Amino acid sequence: MLNYREEHPKAGFKELATASTQLRQDVYSWLFHSRYKHQQDIRIRTLTEQDAFGEIYKAWKRQGYPFDSLVPSYATTIGVSGDTPAALADLMGILVNNGLRNPNIKIERLHFGSDTPTETVLARQTTGTERVIAPEIVALVRQQLIGVVENGTGRRARGGIAMPGGRMIPVGGKTGTGDNRLESFSANGRVIGNKAVSRTATFVFMIGDRFYGTVVAYVPGSKAASYKFTSALAVQIFKDLAPQLRPLIARKDQPPAAPVLLTKNERPKLASSIQR
């Protein structure tokens, strides 16, 4: 009835009661089996949790969550779930872009048969920008990400990246270590099997307000049991790559060129060249 009221705000009680007659009869016929109250309570709690995680999934999906479902669990409630390096980078890009999600584009334009009678140009029409995180939340999260690098598990990259003029570009990020195992249990809860599946070390990062990405170290299969590395490895890889990233960051860090003022005699020439 509440759902119906939300979809039909102007509906009165009579309309609500009429529209929900069959559903209420079905629900009450089930609830009145009082012998199964304990099982009913468990089922109701399960359905309530599933509905709640369904709403969580919708929010995560808007922020780039890459999978088609979300496992209802205590781990998921604190943000622990399967992910991909690309999806992590997308989420960091949203934070860098102040909570706005832009479409990812690999190919902007295709040009076939240049200077021929069958010349064809295909250009992508992109969708609009979507706000998925409030700016106030973004500001708080970015502050925490910088804190992870300066004082937490990402401190190997502390201090930011120095530009030629002496300005420091801050670095923020989040680390994660995955010791992924398949465990088997006996009827009394004792572990009877423990098989290494993979080991991962991840550092998803942002550099200032323009650059972001993910560094992942990954060992698949049973060989993962022979490795003990943590997320510090991924942070160290990022630190080693910083000198190669610095020239790119420096180019984007340049202030925009000052506007050129044209005289009256120069303006027609410029307009003419643009038309050509």
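Small disclaimer: the values here were computed from a predicted structure and weren't measured.

1. So, helix α6 (residues 85–96)
End to end, α6 covers 16 Å across 12 residues, agreeing with the expected 16 Å (1.5 Å per residue, within 8%). Those residues of α6 not exposed but buried are A87, A89, M92, G93, I94, L95 and V96. Residues of α6 that are buried sit in contact with β1 (100–101), α7 (135–151), β7 (171–185), β8 (191–207) and β9 (211–220). Two residues or fewer past α6, N98 is found with a positive phi of approximately 60°.

2. Looking at the packing of α6 against α7
It is the contact of α6 with α7, at a shortest axis distance of 9 Å, that shows an interaxial angle of 115°. Handedness of the α6/α7 crossing: left-handed. Across the interface between the two elements, M92, L95 and V96 from α6 touch V138, V141, R142 and L145 from α7. Across the contact of α6 with α7, the residue classes tally to six nonpolar, no polar and one charged.

3. Focus on the environment of I133
For I133, the position within the fold is in the loop between β4 (130–131) and α7. Taking relative accessible area as the criterion, I133 reaches 9% and is therefore assigned buried. Note: C-alpha distance between I133 and R62 (71 residues apart in sequence) is 9.3 Å. Apart from the residues lying within four places of it in its own chain, the contact partners of I133 are Q63, L91, I94, L95, N98, G99 and V138.

4. Focus on the pairing of β9
Every second residue of β9 is oriented toward a common face, the buried set being F211, G213, V215, A217 and V219 and the non-buried set Y212, T214, V216, Y218 and P220. A loop of three residues connects β8 with β9, the two strands running antiparallel in sequence, and G208 in this loop sits at a positive phi of about 60°.

5. Observations regarding the side chain of Q40
Mapped onto the elements, Q40 comes out in helix α4 (residues 37–62). In this view, Q40 contacts W30, L31 and H33; residues no more than four positions away in its chain are not counted.

6. Details of the pairing of β7
Where β7 and β8 come together, 15 bridges link them in antiparallel fashion. If you follow S184 over to β8, its bridge partner there is G193. As consecutive antiparallel partners, β7 and β8 are separated by five residues, and within that stretch G189 has a phi angle of approximately 90°, a positive value.

Thresholds, definitions, all that
- Residues numbered from 1 in each chain as written.
- Predicted model: local features only at pLDDT ≥ 70, side-chain atom pairs only at ≥ 80, totals over all residues.
- Heavy atoms only, no water.
- Helix = DSSP H or I, 4+ residues; strand = E, 2+ residues; numbered from the N terminus.
- Expected span 1.5 Å × (residues − 1).
- Buried < 20%, exposed > 50% of the residue type's maximum accessible area, 1.4 Å probe, protein only.
- Contact = heavy atoms within 4.5 Å.
- Axes fitted to C-alpha atoms, helices over the stretch in contact; angles between N-to-C directions.
- Left-handed = near helix turned anticlockwise from the far one by under 90°.
- Nonpolar A, V, L, I, M, F, W, Y, C, P; charged D, E, K, R; others polar.
- Pairing = 2+ DSSP bridges.

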